[in-house]
Amino acid sequence: MGGKKEKKKETSEPLSSKDIFVAIRKRNPDRVYKASYADTLNKIAEMDRIQSTQETEDGSQSVDAFASVMGPEHPGRLRLYGRGVTKTSLKRKVGDIGTSLSSTDEMLQQKMVEMEERMQQRMQEKFNAQKDAMELQVAVN
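Values in this document were obtained by computation on a predicted structure and should not be read as measured data.

*Asks:* Mind showing me how you'd approach the overall build of the protein chain here?
*Replies:* When helices and strands are tallied, the protein chain shows five helices and zero strands. Ordered by position from N to C terminus, the α and β elements of the protein chain give α-α-α-α-α. Across the protein chain, every contact between residues at least 6 apart in sequence was considered, and the portion connecting residues at least 24 apart equals 39%. Of the accessible surface of the protein chain, which amounts to about 11,700 Å², a share of 52% is contributed by carbon and sulfur atoms.

Structure below.
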């Protein structure tokens, strides 16, 4: 396997909640899953539809596609950030309340890249282990 890593484009545009939702729910087509993916695909399609409708009407996005599909936030919770994260704790972790939201988005983007790299590494390790087991079985037979 070539050790080439795909370089990510650095953009100044912050990630939307929809982008994060899609990225963390992406599935590997070669893997078999227990749970159905249909509901997630329907939500993503609905978000795309709302987003494209908003963009064609006036060029700017006045409605958050993610919020309109997923519904209102529960009090004291913050979606897509994991358990126990609240708006207050997120602001505290980022630093000063006056810190721009773009730094939060950059932090999220970095965490997503790190998570994706870890997942790829684990998948490669599992693949190598399965390959070694198959080679051993062939050698024994």
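*Asks:* I would appreciate a short explanation of helix 1 (residues 17–24) in the present structure.
*Replies:* For an α-helix, 3.6 residues make a turn, and residues three or four places apart therefore share a direction. Three or more residues of helix 1 are buried, namely K18, I20 and F21. The buried residues of helix 1 occupy an angular sector of 165° when the element is viewed end-on, so they sit on one face.

*Asks:* I'm lost on the nonpolar core in this one. Help?
*Replies:* If you look at soluble globular proteins, the nonpolar side chains tend to sit buried side by side. Grouped together as the largest cluster of nonpolar side chains are six residues: F21, I44, M47, I50, A65 and F66. Per-element tally for this core: the top contributor is helix 2 (residues 38–58), with three residues. If we skip the residues at most four places from it in the chain, A65 touches M47, I50 and Q51.

*Asks:* Would you explain the environment of M70 in this entry?
*Replies:* When you line up the elements, M70 lands in helix 3 (residues 65–70). The sequence separation of M70 and K43 amounts to 27 residues, and the corresponding C-alpha distance is 7.9 Å.

*Asks:* Hey, could you run me through a positive patch on the surface in this one?
*Replies:* Judged by side-chain charge, R31, K111, R118, R122 and K126 come together as a positively charged surface patch. Tracing the backbone shows K126 in helix 5 (residues 101–140).

*Asks:* I tried to follow a nonpolar patch on the surface on my own but got confused; where do I start?
*Replies:* Taken together, the side chains of I24, M115 and M119 define a hydrophobic patch exposed on the protein surface, amounting to about 240 Å² of accessible area. When you line up the elements, M115 lands in helix 5. Given a relative accessible area of 33%, M115 falls into the partly exposed group.

*Asks:* When you look at the pattern of salt bridges in this model, what are you seeing that I'm missing?
*Replies:* If the charged atoms of two oppositely charged side chains come close together, the side chains can form a pair. Tallying each qualifying case throughout the model produces four salt bridges. Residue E116 pairs with K26 through a salt bridge whose shortest N-O separation is 3.8 Å. Of the two residues, E116 sits in helix 5 while K26 sits in the loop between helix 1 and helix 2, which places them 90 residues apart along the sequence. Residue classification places E116 among the partly exposed positions, given a relative accessible area of 28%. Given a relative accessible area of 57%, K26 falls into the exposed group. Measuring nitrogen to oxygen at the nearest pair gives 2.6 Å for the salt bridge that ties E46 to R49.

The rules behind these values
Residues numbered from 1 in each chain as written. Predicted model: local features only at pLDDT ≥ 70, side-chain atom pairs only at ≥ 80, totals over all residues. Heavy atoms only, no water. Helix = DSSP H or I, 4+ residues; strand = E, 2+ residues; numbered from the N terminus. Contact = heavy atoms within 4.5 Å. Areas by Shrake-Rupley, 256 points an atom, 1.4 Å probe, with all protein chains shown as cover. Buried < 20%, exposed > 50% of the residue type's maximum accessible area, 1.4 Å probe, protein only. Arc of directions from axis to C-beta. Core = buried A, V, L, I, M, F, W, Y, C linked by side-chain atoms within 4.5 Å. Patch = residues over 30% accessible without salt bridge, like charges linked within 9 Å, V, L, I, M, F, W, Y side chains within 5 Å. Salt bridge = Lys/Arg side-chain N within 4 Å of Asp/Glu carboxyl O. Lys, Arg positive; Asp, Glu negative; His and termini not counted. Charge placed at Lys NZ, Arg CZ, Asp CG, Glu CD.

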